[in-house]
Amino acid sequence: MLTGHLALAAASLFTGAAFYINYVEQPARLQLDDRSLLAEWKPAYKRGYIMQASLAIIGFLLGIVAWRATGAPAFLVGALLIVANWPWTLLGIQSTNKALMATGLAEAGADTRALLLKWNRLHAVRTVLGGLSVAAFLVALNAS
């Protein structure tokens, strides 16, 4: 089941990146002063968004193909969990992202730091959704 393994790979890459952001990159970034913190976050967010959005779509499409090929419901569950990052980002995180992107470096201060702490908590949901997707794909592959 090549498509199932590829779906697992995409979900694993997504989850690994999300985990790295939450538990390595963001804590390191928080050691910076407010202006540098925001200056580092903005380009990192733009690049990470492109990568993670692509991986979520790829994992979803491959999961759907694997589900249709095998009928294993866990592939469908994994596909839906990984693509759930899109609505979560649009509904749960986007307003915070927009506020941070709209903040000029000269305006960065305690409020910016508080928003970035909030952003990290919101981003952790993406890590959890990715991890659950990986688990569902593993269950599906084990059952096939």
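All figures in this text were calculated on a predicted structure; none of them were measured in a lab.

**Student:** Tell me about a nonpolar patch on the surface, and name the residues and values.
**Tutor:** Together, Tyr49, Ile50, Ile57, Leu61, Trp86, Leu90 and Leu91 give the surface a local cluster of nonpolar side chains, amounting to about 700 Å² of exposed area. Residue assignment for the nonpolar patch shows that the elements contributing at least two residues are α2 (34-70) and α4 (85-102). Tallying contributions element by element places α2 first for the nonpolar patch, with four residues. One can find Leu90 in helix α4.

**Student:** Could you give me a rundown of the layout of surface pockets, with the residues and numbers involved?
**Tutor:** Estimates place the volume of the largest pocket at around 210 Å³. As for the largest pocket, its lining consists of 19 residues, of which Ile21, Ala44, Gly48, Tyr49 and Gln52 are closest to the centre. Among the elements of the structure, α1 (2-29), α2, α4 and α5 (110-143) are those that each provide at least two residues to the lining of the largest pocket. Top element by residues in the lining of the largest pocket is α2. It accounts for eight residues. Considered class by class, the residues forming the lining of the largest pocket number 10 nonpolar, five polar and four charged.

**Student:** Could you give an account of the pattern of salt bridges, with specific residues and numbers?
**Tutor:** As enumerated under the stated definition, the model contains three salt bridges in all. Its salt-bridge partner being Arg29, residue Glu40 comes within 2.6 Å of it at the nearest N-O pair. Taken together, the residues Glu40 in helix α2 and Arg29 in helix α1 connect sequence positions 11 residues apart. A relative accessible area of 31% means that Glu40 is categorised as partly exposed. With a closest N to O distance of 2.7 Å, Asp34 and Arg113 form a salt bridge. With Asp34 in helix α2 and Arg113 in helix α5, the pair connects residues that are 79 residues apart, well separated along the chain. Given a relative accessible area of 21%, Asp34 falls into the partly exposed group.

Rules behind the numbers
- Residues numbered from 1 in each chain as written.
- Predicted model: local features only at pLDDT ≥ 70, side-chain atom pairs only at ≥ 80, totals over all residues.
- Heavy atoms only, no water.
- Patch = residues over 30% accessible without salt bridge, like charges linked within 9 Å, V, L, I, M, F, W, Y side chains within 5 Å.
- Areas by Shrake-Rupley, 256 points an atom, 1.4 Å probe, with all protein chains shown as cover.
- Salt bridge = Lys/Arg side-chain N within 4 Å of Asp/Glu carboxyl O.
- Helix = DSSP H or I, 4+ residues; strand = E, 2+ residues; numbered from the N terminus.
- 1 Å grid on protein atoms, 1.4 Å probe; cavity = no way out; pocket = protein on both sides within 12 Å on 5 of 7 lines; lining within 4 Å.
- Points joined across faces, edges and corners; volume = space filled by probe spheres on them.
- Nonpolar A, V, L, I, M, F, W, Y, C, P; charged D, E, K, R; others polar.
- Buried < 20%, exposed > 50% of the residue type's maximum accessible area, 1.4 Å probe, protein only.

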